[in-house]
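Reading the structure
Here's the letter readout for the chains.
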Amino acid sequence: MSWMNMLYTTYENVMKGDTDGLNPPLLPIAHTTQNADIEVQIDIDGNFIRSYVVESDKQTMIPCSESSSSRSGSNPVNHPLFDKLQYLAGDYSAFGGEKGSHFHEKYMADLEDWCNSSYSNEQVQAIYNYLKKGCLISDLVRDGSLICDENNRLLKKWPGSKNDIPKIFKAIIGEQSNAFIRFRVSGGNDAETAAWQNKKVQDDYIDYYLSKQEDKGFCYVTGEIIPCSNNHPSKIRNTGDKAKLISANDDTGFTFRGRFINSGQAIQIGYDVSQKAHNALKWLISKQGKNFGDKVFLLWGTNNEKTPDPIRDTCDFPDFGTENFAYTKEEIAERFNRAIAGYKAEIDNKTSLALIGLDSATTGRLSITFYREFHGKQGNELIKNIENWHNDCKWHHRYKKKDKNIISFDGAPSPMDIALVAYGTEQNGFLKADNKLVAATVERILPCISDAVRLPLDIMRTAVNKCFHPQNYQDIYNWSKVVSITCSLVKKHYKEQGEDWDMELNLDTDDINYNCGRLLAVAHEIERRALKMTGDNNIRNTNAIRYFTKFALYPCKTWGIISDRLRPYIERLGERGNDLYKLKQEISVKIPPKAFEEVKNLDGRMALGFDSQRYCFYNSSNKSEKTKENLGGNENEYSEEQN
């Protein structure tokens, strides 16, 4: 239950400050949210003034009871104030409503009880007085907010042209009889006429509802004897989420397996604690949670500290907001370092951070799949682990972001991009994978970031295998992305093994995997430049790329084939390729002939050598105009390939 205590503490700390400017708002207890379809304005005496269909700003904070906040089934419980027509309208059946009048009768009895209590409110009384007349649908039809057929029944769907469709059929999901109503009351003492935003209405309902609670029990979170909750909130991840973290609605069969008689013996949580903890969780998820299908990951501080997003790549890691800036490598690196320093500055001895992962196995059940707490200076360890992740996985990246702009940066890829590279396939020009597989992979990588545990070996090997099959990618952009992200993972893996591989070109290493990768990059470059001389831009079809997979399996045997096919391009390039011929010779000297004959199945270090050598060519062409002329290429040529 420590996670409940962390959320409860967060709620209490946030509510001590100014909550008026919170976006999204932090819900008070005994309240939930619903999307309203129609807004009705009445006066303080309960007389209808007007109505209109709500087309925007539909989300409405409404009072709720334990039962109504998670209502379901064939006899759903009414909300206390705002609700659907079947509850509010006394003339529901007269306009074709098929669910009966007992919903309205129960709603009116509950509302009357509130109005007769010492916590009555003039706006609530006005709503009760108006609804008591039983003419809600009649008023809405007359005002044009609802549409009837020739038999004075609410239309179930619009029979006419789409061009003439009324607003209510655009706003509502389903039939008109399911319309959700909210009220605005004018002419009273309160300046706030929107009853759903009236703080006094909210406070009066909370006091009224708490006054009705009599049964008390031992709260497992606070250790106090207080009114306990039997029905914990749903709608945790979004307004349509029916899954609950705590639920015990089945007391038959083997539910308790002889250990308990009822759910209260297993666990009890105070109503106030449950409401505040769940509302804090909803607020935090909507504010800073990361969704991957049904899974949600969230890092937060109990004092609402600014926390880093552990599952962003280095490029997106700083919170840029709406600020525009040049996405240069230098500026991205500088902002990353400033962001890390800023997060560290917020950590002190009283800081408590928590990292949680949620997933739903079924529609109604939500589980915690990942949870860590970081107290005091442990928060600095978390920030340090995140910083180390970005440094250990640092590699040259250049690929399309969500806005389809191409960004170059040196740093770590996001766990989501790692999942797409390892398990995704190219579909319609993009890397895509099953959402559940992506979410599960992100969850496996998360401890590598937060707890500095080792990178799962199978993920790295799968990415290397994808990198060694360029023929699986029609778009050169996607394969380049696969190569650079694979290099990040390989670099991270060997760092854990005690081998440091820098992202810059290593000219001193004798590692045969790395040097074979460099050799292949030189062969690719010779052919690429020769093709460019003839105006052939089909970079992907160099023999080095075409034989990439086979070269990784049998480098010596395949190098003979590549060398034979390279001869016409060497003849075409002539003296313009002298620097490349010299480099090829220098790399060949570093590879012992016997070892070259025997080596098979090159590992991920081949990708490091290939990409480092290729980046060196790209970087050289950017730095020297003179060099570009000698090479017969230009910056744009390499940019196209590197993208």
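Heads up: these notes are all about the structure in this document. Computed from a predicted structure; not experimentally measured. (Residues numbered from 1 in each chain as written. Predicted model: local features only at pLDDT ≥ 70, side-chain atom pairs only at ≥ 80, totals over all residues. Heavy atoms only, no water.)

1. A closer look at the pairing of strand β3 (residues 48–53)
Regular strands have side chains that alternate between both faces of the sheet. Condition: Pairing between strands is defined by DSSP: at least two bridges between the two strands are required. Secondary structure follows DSSP: runs of H or I at least 4 residues long count as helices, runs of E at least 2 residues long count as strands, and numbering of each begins at the N terminus.
In this structure, strand β2 (residues 38–43) lies alongside β3, joined through five bridges in antiparallel fashion. Bridge pairing in β3 links I38 to V53. What sits between the antiparallel neighbours β2 and β3 is a turn of four residues, in which G46 has the positive phi angle 85 degrees.

2. Let's talk about the side chain of K58
Rules: Burial here depends on accessible area, computed with a 1.4 Å probe over protein chains only, as a share of the maximum for the residue type. Under 20% is buried, over 50% is exposed, and the range in between is partly exposed. Counted as a polar contact is a pair of N or O atoms within 3.5 Å, where, for protein atoms, one must be capable of donating a hydrogen and the other of accepting one, and residues adjacent in sequence contribute only when both atoms are in side chains. Contacts are residue-level and defined by heavy atoms, with any inter-residue pair within 4.5 Å sufficient.
Note on placement: K58 falls in the loop between β3 and β4 (59–63). The exposure class of K58 is buried, given its relative accessible area of 18%. Here the side chain of K58 touches A171 through a polar contact of 3.4 Å, landing on its backbone oxygen. Each residue touching K58, except ones within four places of it in the same chain, is listed here: Q34, N35, A36, D37, A171 and R182.

3. Let's talk about the side chain of Q613
Along the chain, Q613 falls in helix α23 (residues 605–623). Of the residues examined, Q613 reaches a relative accessible area of 1% and is grouped as buried. With near-sequence residues (within four places) excluded, Q613 lies in contact with L505, R518, A521, V522, L583 and I587.

4. Considerations on the packing of helix α12 (residues 378–392) against helix α14 (residues 435–450)
The criterion, for reference: Note on geometry: axes are C-alpha line fits, over the in-contact stretch for helices, and angles between N-to-C directions span 0 to 180 degrees. When an angle is under 35 degrees it counts as roughly parallel; over 145 it counts as roughly antiparallel; between 65 and 115 it counts as roughly perpendicular; any other value is oblique. Just so you know the grouping, Ala, Val, Leu, Ile, Met, Phe, Trp, Tyr, Cys and Pro go in nonpolar, Asp, Glu, Lys and Arg go in charged, and all remaining residues, Gly too, go in polar.
Between α12 and α14, whose axes approach to 7 Å, the crossing angle comes to 110 degrees. Considered as vectors, α12 and α14 are oriented roughly perpendicular to each other. Along its contact with α12, which presents L382, N385, I386 and W389, the element α14 presents I445, C448, I449 and S450. Classifying every residue of the contact of α12 with α14 by side-chain character gives six nonpolar, two polar and no charged.

5. A few points about the sheet that holds strand β12 (residues 352–360)
The four strands lie next to each other as β10-β11-β12-β13, forming an open sheet whose pairing is antiparallel. What marks the edges here is a single partner per strand, and that holds for β10 (290–292) and β13 (366–375). Strand-to-strand twist of the sheet, defined as the mean angle between neighbouring strand axes without regard to direction, takes the value 10 degrees. Note: β12 against β13, nine bridges, orientation antiparallel. Residue L358 lies in a different strand from β13, and its bridge partner there is I368.

6. Some words on helix α10 (residues 271–288)
Spacing of three or four residues puts side chains on the same side of an α-helix, whose turn is 3.6 residues. In plain terms, the rule: By this rule the span expected of a helix is its residue count minus one, scaled by 1.5 Å.
Taking 1.5 Å of rise per residue, 18 residues should cover 26 Å, and α10 covers 26 Å from first to last C-alpha, within 8% of that figure. Burial analysis of α10 places 14 of its 18 residues in the buried class, the great majority of the element.

7. Section: the sheet that holds strand β8 (residues 225–229)
One open sheet holds the three strands; their spatial order is β7-β8-β9, and the pairing between them is antiparallel. Each end of this open sheet is capped by a strand with a single partner; those strands are β7 (216–218) and β9 (269–270).

8. A short note on the pattern of salt bridges
Let me state the cut-off plainly: Any Lys or Arg side-chain nitrogen found within 4 Å of a carboxyl oxygen on Asp or Glu counts as a salt bridge.
Taken as a whole, this structure holds 35 salt bridges when the rule is applied. Here R142 ties to D139 by a salt bridge, and the two come within 2.7 Å at their closest N and O atoms. Of the two residues, R142 and D139 are both situated in helix α6 (residues 136–142); the distance of three residues between them amounts to about one turn of the helix. Taking the relative accessible area as the measure of exposure, D139 reaches 6% and is therefore buried. Linking R312 and D309 is a salt bridge whose minimum nitrogen-to-oxygen distance equals 3.3 Å. Using a relative accessible area of 26% as the deciding quantity, one classes R312 as partly exposed. With relative accessibility at 12%, the residue D309 sits in the buried group. Bridged by salt links that share partners, the residues E499, D511, D603 and R605 form one connected network.

9. Examining unusual backbone geometry
Phi at N304 is positive, roughly 60 degrees, even though this residue is not glycine. Tracing the backbone shows N304 in the loop between β11 (295–301) and α11 (329–345).

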